[in-house]
Amino acid sequence: MSLNNQVLDRPISQELPYVEANLSYLIPMAEKPVNYTYEPPAGIPRTNATYQTYKLPIYNARSISENISLDKEGFAFTGHRTNVRDFYNEDEVRRLYYPEAEQLLKEVTGATKVVIFDHTLRNAGKSSPGENNIKEPAKRVHNDFTAKSGYTRARLELAAQGIDNDEIDTLLQQRFAIINVWRSIATPIQESPLAVCDAQSIAPTDIVAGDLVYRDRIGETYGVTYNSKHKWFYFPQMHRDEALFIKCFDSAEDGHARFAAHTAFEDPTSPANAPPRESIELRTFVFYPA
C-alpha cells in the first residue's frame, strides 16, 4: 500500500459534495507573528496576530481518497485498525500506537526509518490547561513547521532520542518529512472536524513564519493568509479505524508537496448536541530511501 506514489488522474473539482464554513486566516502584518503556548507575563499579549474569517467551501474527499497523495496534495487517508483501547492512557499510546503508526507510515510512504516524537490529544470537554495535556481543537489556519523549524526540531528531537550528531547529520542530508497522523479516538467525529488545504493551491507568499513561544524554547510555525485559490477538503464522520496523514514539512524542494495547511472548523451540519471531538495526532519524522 503506497498512497505516496498514487497519481491523481483527474482534477479535484467542484463536483464533490461540500459544506460551507468559516475559516480563520492570519491578517498580513509588518512584524513577525508571535504566539505563546502559556499565559505570558503581565502586559504581554498571548499573540500579536489578528485573524479574519472567510466562508469557504470544504469538499468531502471520501470518494477520491484513493487518488490523493502526500507527495501531490500533501495529505492522504486510509482505513487502519488500531489495537489501542484507551487513547487517554499514555503508556498504551506509546507501547501500542507508536509502533502501529510507525509501521503504517513505512507502508504508506515507503520510508526506511520513522521516528515518532510527539502526540497531542484534543477534547474540548476534557481540556484543562495547567492541569492536563489535553487541548481544544485548533481553529486557525496553520502549518506546524516551517522550512527552518523542520530542521531545527528534527535535530532537537533526534538528539533527545540518543542519536549521535554524526548520524543526525547523515539523516538530515537525505530527504525527510514531518507527517502528522490524525485519528478519531472515540465516536465518529461530528463536532470540529479537521480541514486540510491542498498544498498545490498554497502560494509561497501565503505562508508566514511566526514564533511559537514555549517556556523553555521558541519554535516556529506558519500562519496562513487568505488566497481565493486555496482548495479545502475534509473526511466527514471519521472514526477510530481511519487515519489522516498531513505533511507539515518536506526537505525536498523538487516539486513534492511541502506544507499542507490545516484547521479545525465548525461544521454547519453537525447536530447541536454533538459530543466534543476527541482526536489524537502524532508528529513524526519520515526518512525516505537515500
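The structure this text deals with has already been given above.
Now for a quick tour of the structure.

What counts, and where the lines are drawn
Residues numbered from 1 in each chain as written. Predicted model: local features only at pLDDT ≥ 70, side-chain atom pairs only at ≥ 80, totals over all residues. Heavy atoms only, no water. Helix = DSSP H or I, 4+ residues; strand = E, 2+ residues; numbered from the N terminus. Rg over C-alpha atoms; globule rule 2.2 N^0.38 Å. Buried < 20%, exposed > 50% of the residue type's maximum accessible area, 1.4 Å probe, protein only. Contact = heavy atoms within 4.5 Å. Areas by Shrake-Rupley, 256 points an atom, 1.4 Å probe, with all protein chains shown as cover. Lys, Arg positive; Asp, Glu negative; His and termini not counted. Charge placed at Lys NZ, Arg CZ, Asp CG, Glu CD. 1 Å grid on protein atoms, 1.4 Å probe; cavity = no way out; pocket = protein on both sides within 12 Å on 5 of 7 lines; lining within 4 Å. Points joined across faces, edges and corners; volume = space filled by probe spheres on them. Nonpolar A, V, L, I, M, F, W, Y, C, P; charged D, E, K, R; others polar. Axes fitted to C-alpha atoms, helices over the stretch in contact; angles between N-to-C directions. Left-handed = near helix turned anticlockwise from the far one by under 90°. Polar contact = N/O pair within 3.5 Å; in protein donor to acceptor, adjacent residues only side chain to side chain. Salt bridge = Lys/Arg side-chain N within 4 Å of Asp/Glu carboxyl O. Core = buried A, V, L, I, M, F, W, Y, C linked by side-chain atoms within 4.5 Å. Pairing = 2+ DSSP bridges.

Regarding its fold elements, the protein chain presents three helices and 14 strands. Its C-alpha atoms give the protein chain a radius of gyration of 18 Å, near enough to 19 Å, the size a compact globule of 290 residues would have. Counting over 290 residues, the protein chain shows a buried share of 54%. Considering only intrachain contacts with a sequence separation of at least 6, the fraction spanning at least 24 residues in the protein chain is 80%. By element, 48% of the accessible surface of the protein chain is carried by carbon and sulfur atoms, the whole surface being about 13,600 Å². Side chains of the protein chain carry 31 positive and 39 negative charges; the gap between the two charge centres is 2 Å.

We now examine empty space enclosed by the protein. Scanning the entire structure with this criterion turns up two cavities of 30 Å³ or more. Volume-wise, the largest cavity comes out at about 60 Å³. Of the residues belonging to the lining of the largest cavity, the class tally is nine nonpolar, one polar and no charged. Reported here for the second largest cavity is a volume of approximately 40 Å³. Around the second largest cavity sit Ala186, Thr187, Pro188, Ile189, Gln190, Glu191, Pro275, Pro276, Arg277 and Glu278, which together line it. Residues belonging to the lining of the second largest cavity are distributed by class as follows: five nonpolar, two polar and three charged.

This part covers the packing of helix α2 (residues 149-160) against helix α3 (residues 165-173). Packing of α2 against α3 leaves a shortest axis separation of 10 Å and a crossing angle of 145 degrees. In this structure, α2 meets α3 at a crossing whose hand is right-handed. When α2 is examined against α3, the residues Tyr151, Ala154, Arg155, Leu158 and Ala159 are found in contact with a partner set consisting of Ile168, Asp169, Leu171 and Leu172. Here the residues of the contact of α2 with α3 are counted per class, giving seven nonpolar, no polar and two charged.

This next bit is on the side chain of Asn123. Its place among the elements puts Asn123 in the loop between β5 (113-122) and β6 (142-143). Relative accessible area serves as the criterion here: at 4%, Asn123 is assigned to the buried category. A distance of 3.0 Å separates the side chain of Asn123 from the side chain of Tyr88, its partner in a polar contact. Other than its neighbours up to four places away in sequence, Asn123 contacts Tyr88, Ile134, Lys135, Pro276, Arg277 and Glu278.

Let's shift gears to the pattern of salt bridges. As enumerated under the stated definition, the model contains 19 salt bridges in all. With a shortest N-O distance of 2.8 Å, Arg62 and Glu242 are connected by a salt bridge. Here the residue Arg62 occupies a position in the loop between β3 (51-60) and β4 (75-79), and Glu242 occupies one in strand β12 (residues 242-250), the gap between them amounting to 180 residues. Each of Asp118, Arg122, Asp144, Glu281 and Arg283 takes part in salt bridges that share partners, so that together they form one network.

Tracing the backbone shows Pro275 in the loop between β13 (262-264) and β14 (279-287). Separated by 152 residues in the primary sequence, Pro275 and Asn123 have C-alpha atoms spaced 9.5 Å apart.

A few words on the nonpolar core. When a protein is soluble and globular, its nonpolar side chains tend to lie buried together. Residues Ile58, Leu158, Trp232, Leu244 and Phe285 are the most contacted members of the largest nonpolar core, which totals 50 residues. When sequence neighbours within four positions are dropped, the list of residues in contact with Leu244 reads Phe75, Ala76, Asn180, Val181, Trp182, Leu194, Val196, Phe235 and Met238. One finds Ala76, Val93, Ala101 and Ala243 within the second-largest nonpolar core, a separate group that totals 26 residues.

Most of β4 sits inside the fold, with four of its five residues counted as buried. In this sheet, β12 lies alongside β4 in antiparallel orientation, the contact comprising five bridges. In the sheet register, Ala76 faces β12, and the bridge partner there is Phe245.

Let's shift gears to unusual backbone geometry. Within the chain, Ser192 stands out as a residue other than glycine whose phi angle is a positive 50 degrees. By the secondary structure assignment, Ser192 is in the loop between β7 (176-184) and β8 (194-197). For Gln237, which is not glycine, the phi dihedral falls at a positive 60 degrees. Secondary-structure assignment places Gln237 in the loop between β11 (232-234) and β12.

Another aspect to go through is the sheet that holds β5. Reading across the sheet, the five strands line up as β4-β12-β7-β14-β5 and stay open at both edges, with antiparallel pairing between neighbours. Across the chains shown, the open sheet's two edge strands, defined by having one partner strand only, are β4 and β5. Each adjacent strand pair in this sheet contributes to an overall mean axis angle of 25 degrees, direction not counted. Across the sheet, α2 lies against β5, β7, β12 and β14, angled at about 90 degrees from β14, the strand it touches most.

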